[in-house]
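Each chain, letter by letter, is given below.
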Amino acid sequence: MVESDITHDMKDMALGLGADFVGIVGPAIFENPDYAGNKPQDVMPDLKSVVIIGVSVPNGAFDTLPKGRAEYTNTLMAGTATLRIIAFQIAKFIERKGYKATIAPSEGSEFGYWYADRETLKADFSFKYASYYAGLGNFGMNHLLITKDFGARIRMTAILTDAPFAEDERTLLPLVNDACSSCMKCVEICPAGALTKEGTIHREKCAEYMFNVLGGLRCGMCLKVCPLY
Ligand code: SF4
Ligand code: SF4
């Protein structure tokens, strides 16, 4: 086990560089029977920790949708760029401590899941699933992570490392946010019909809408209408 002060120092550094939240999980959660995504240990076989780092996104980017789609997309990409810089510094910190670290591609990255696997539109692993088990939030009907402080108005990145950081102590929330059952605003607003009241998502419909109909601009309507932030 990495001494807890190194875990503490790593988190402090991330927050000091501008992150709004940090979470840590081990690789075991990706062996859960309910997990259907790709596994990060297929990328790093001696993986010991997944470090999730997130920033909140300014509310103006959502409030000005749909007219402000270009501003929204640009603001999201600014979040992605910010996270890249933070993650790079954290990866170097981890390596100075004698371990190895690599940064997983996230949405908004030119190597992110929309681009990396056209067939399944799945990332190398689910940041949201990792974040749920790190105690950072739970899922909404919009299939996004709903954090306590910022709702779904966030961007995240993740570091894979063989450093066995101390996992966060957490009490797991219900998988789906309690507020969703009496809301469904995201399902109703989705212009692509990608979300269903049964809780499924048609990723291909969302991708088709953003990349073909909107020409690459992000949509964000399922975030704009979500009251949880
Ligand atoms: S981003 Fe837009 S198209 Fe995609 S699920 Fe949300 S509302 Fe639907
Ligand atoms: S808009 Fe409503 S149903 Fe959708 S994630 Fe937010 S609270 Fe849940």
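Residues numbered from 1 in each chain as written. Chains lettered and ligands numbered in written order. Predicted model: local features only at pLDDT ≥ 70, side-chain atom pairs only at ≥ 80, totals over all residues. Heavy atoms only, no water.

(A) Representation of the pattern of salt bridges within the structure. All chains considered together, the criterion is met by six salt bridges. For the salt bridge of Lys39 with Glu31, the shortest nitrogen-to-oxygen distance reads 3.1 Å. As a salt-bridge pair, Lys148 and Asp149 come within 3.7 Å of each other at their nearest N and O atoms. Assigned by exposure class, Lys148 and Asp149 land together as exposed. (Salt bridge = Lys/Arg side-chain N within 4 Å of Asp/Glu carboxyl O. Buried < 20%, exposed > 50% of the residue type's maximum accessible area, 1.4 Å probe, protein only.)

(B) Just the sheet that holds strand β6 (residues 154–161), in detail. One open sheet holds the four strands; their spatial order is β1-β2-β6-β3, and the pairing between them is antiparallel. One side of each edge strand has no neighbouring strand; the edge strands of this open sheet are β1 (21–25) and β3 (101–104). Taking the axes of each pair of neighbouring strands and ignoring which way they run, one obtains an average angle of 25° across the sheet. Two elements, β3 and β6, share four bridges in a ladder whose sense is antiparallel. The residue of β6 that forms the bridge with Thr102 is Leu160. Strand contacts of helix α1 (residues 4–16): β1 and β2 (49–56), with the helix running at about 145° to β1, the strand carrying the most contacts. (Pairing = 2+ DSSP bridges. Helix = DSSP H or I, 4+ residues; strand = E, 2+ residues; numbered from the N terminus. Axes fitted to C-alpha atoms, helices over the stretch in contact; angles between N-to-C directions. Contact = heavy atoms within 4.5 Å.)

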